[in-house]
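One-letter residues, chain by chain:
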Amino acid sequence: MTTQTRFRTATVHGRNVFYREAGDPTAPTILLLHGLPTSSQMFRDLIPALADRFHLVAPDYIGFGHSDAPSRAEFDYTFDNLARHVAGLVDVLGLESYILYMQDYGGPVGFRLFTQRPERVRGFILQNTNAYMEGVGEAPKKVLLPLWETRTPETEAPARELLSLDGTKFQWLVGAKDPEAVNPDNWTLDQALLDRPGTQDYQLDLLENYQTNVARYPEWQAAFRAHGPKTLIVWGQHDPFFIPPGARAYLNDLADVKLVWLDAGHFVLDENTPKVAAEIKAVFAGERARASSAA
């Protein structure tokens, strides 16, 4: 067993999917699913903080991070397709069960995995990811609603601003308790990848496709009620994108749930990794024992 992170690549549906991995593979697995505008690098500090108790796997979606980034002419950038490749990685790695850690885009990806294979999911860790209309703030509405109405250069403009350096930096810093504690490597690395030729065009495709996630909210909510996974919610309460009512809404559909408010924004881990790691260990401490007894 090692707490050292390994940086690996697997072939999934003919594409290279990069992932970070640490911990004992016989321990309970946490599948860490990142958001926009970042990649698995957002978990770089959390992974070693959990690797003494859990097996961690954090993939980069196709088009993100170190995974293959084909052009939009070569790859259909939809949330269904992102989830298909994460599910393919799960199969390649032989992961029979896992806890889903989901932030931002991680929710739409992870909830697809959950509804397809609910028996594999031991629990949720939710960090500012949405499944309820009441959780959508005014900031994303201003970007997404015009784009969904009709896609033109004019309606694309707010989305392109979100994908600019100013927009990326804002997402990392908004709501932070101490902005000087947030590593500037976050937005520098993310923006370098976003500025690759053609990348912002397919990111716009994903922002347009986000409306398919909203359409699935009732389906996901019904699955929450039907299967009732144990859930930990760690929520940056100053997030203008996914606002606090979205965190509280999960309480209506999930019975075994703990909600922890963090003095943070859309991203929380730069300032709160020790607290988040401690909460995860406290809530899911019995998973190793159950896994051992089941074996």
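Given the structure is predicted, the values throughout are model-derived calculations rather than measurements.

## Details of helix α3 (residues 106–116)
- Where burial is concerned, most of α3 is hidden: nine out of the eleven residues are buried.
- For α3, the complete set of buried residues consists of Gly106, Gly107, Pro108, Val109, Gly110, Phe111, Arg112, Leu113 and Phe114.
- On its buried side, α3 packs onto β3 (29–33), α2 (79–93), β5 (98–103), β6 (121–127), α9 (211–215) and α10 (217–227).

## Describing the environment of Gly167
- Mapping Gly167 onto the fold places it in helix α6 (residues 165–173).
- Overall, the relative accessible area of 8% leaves Gly167 in the buried class.
- In the structure, Gly167 is positioned 24 residues away from Gln191 in sequence and 9.5 Å away in space, judged by C-alpha atoms.
- Setting aside anything within four residues of it in sequence, one finds Gly167 in contact with Glu161 and Leu162.

## Regarding the nonpolar core
- Judged by nonpolar contacts, the single largest core of 60 residues is most densely connected at Phe124, Phe224 and Tyr250.
- Discounting residues that sit within four places of it in the chain, Phe124 has contacts with Ile99, Leu100, Met102, Phe111, Phe114, Phe224, Pro229, Lys230, Thr231, Leu232, Leu254 and Phe284.
- In terms of nonpolar packing, the next biggest core, distinct from the first, is built from 32 residues, Ala176, Val182, Trp187 and Phe284 among them.

## A look at the sheet that holds strand β7 (residues 230–236)
- Read across the open sheet, the eight strands follow the order β1-β2-β4-β3-β5-β6-β7-β8; overall the sheet is mixed. Each end of this open sheet is capped by a strand with a single partner; those strands are β1 (6–12) and β8 (257–262). Along the sheet, successive strands turn relative to each other by an average axial angle of 20°, direction set aside.
- In this structure, β3 lies alongside β5, joined through four bridges in parallel fashion. Across the sheet, residue Leu31 finds its bridge partner in β5, namely Leu100.
- Taken strand by strand, α2 contacts β1, β2 (15–22), β3, β4 (55–59) and β5, and its axis lies near 105° from that of β1.
- Packed onto the sheet, helix α12 (residues 269–283) meets β3, β5, β6, β7 and β8 and runs at close to 160° relative to β8.

## Let's talk about the packing of α6 against helix α7 (residues 185–194)
- For the pair α6 and α7, the least separation of the axes is 9 Å and the interaxial angle reads 145°. Seen along the crossing, α6 lies across α7 with a hand that is right-handed. Residue-level inspection shows Leu165, Thr168, Lys169, Trp172 and Leu173 of α6 in contact with α7, the latter providing Asn186, Trp187, Asp190, Gln191 and Leu194.
- Residue composition of the contact of α6 with α7, grouped by class: five nonpolar, three polar and two charged.

## Some remarks on the confidence of the model for the protein chain
- Looking at the protein chain, the pLDDT average stands at 96 and 97% of residues meet or exceed 70.
- Predicted confidence is poor over residues 291–295, with pLDDT under 50, and the contacts of this stretch with residues over four places away or in other chains come to one contact.

What counts, and at which threshold
- Within every chain, residues take consecutive numbers counted from 1 along the sequence as written.
- Reporting in this predicted model follows two pLDDT cut-offs: at least 70 for local features of residues, and 80 or more for side-chain atom pairs to be given and counted; totals over whole chains, interfaces and linings ignore these cut-offs and use all residues.
- Only hydrogens and water are set aside; all other atoms, that is, all heavy atoms of the structure, feed into the side-chain values.
- Exposure categories follow from relative accessible area, calculated using a 1.4 Å probe and restricted to protein chains: below 20% of the type maximum is buried, above 50% is exposed, and the middle band is partly exposed.
- To qualify as a helix, a DSSP run of H or I must reach at least 4 residues; to qualify as a strand, a run of E must reach at least 2; elements of each kind are numbered from the N terminus.
- When checking whether two residues touch, look at their non-hydrogen atoms; a contact exists if any pair is within 4.5 Å.
- Nonpolar core, defined: a set of buried Ala, Val, Leu, Ile, Met, Phe, Trp, Tyr and Cys residues in which side-chain atoms within 4.5 Å join the residues together.
- Strand pairing is assigned whenever DSSP detects at least two bridges linking the two strands.
- Only the stretch in contact is used when a helix axis is fitted, and all axes are lines through C-alpha atoms; the angle between N-to-C directions ranges over 0 to 180 degrees.
- Helix crossings get a hand from a simple test, with the near helix turned counterclockwise from the far one by less than a right angle marking a left-handed crossing and a clockwise turn marking a right-handed one.
- Residue classes follow a fixed rule: Ala, Val, Leu, Ile, Met, Phe, Trp, Tyr, Cys and Pro count as nonpolar, while Asp, Glu, Lys and Arg count as charged, and any other residue, Gly among them, counts as polar.
- Each residue carries a pLDDT score, the predictor's confidence in it, ranging from 0 to 100.

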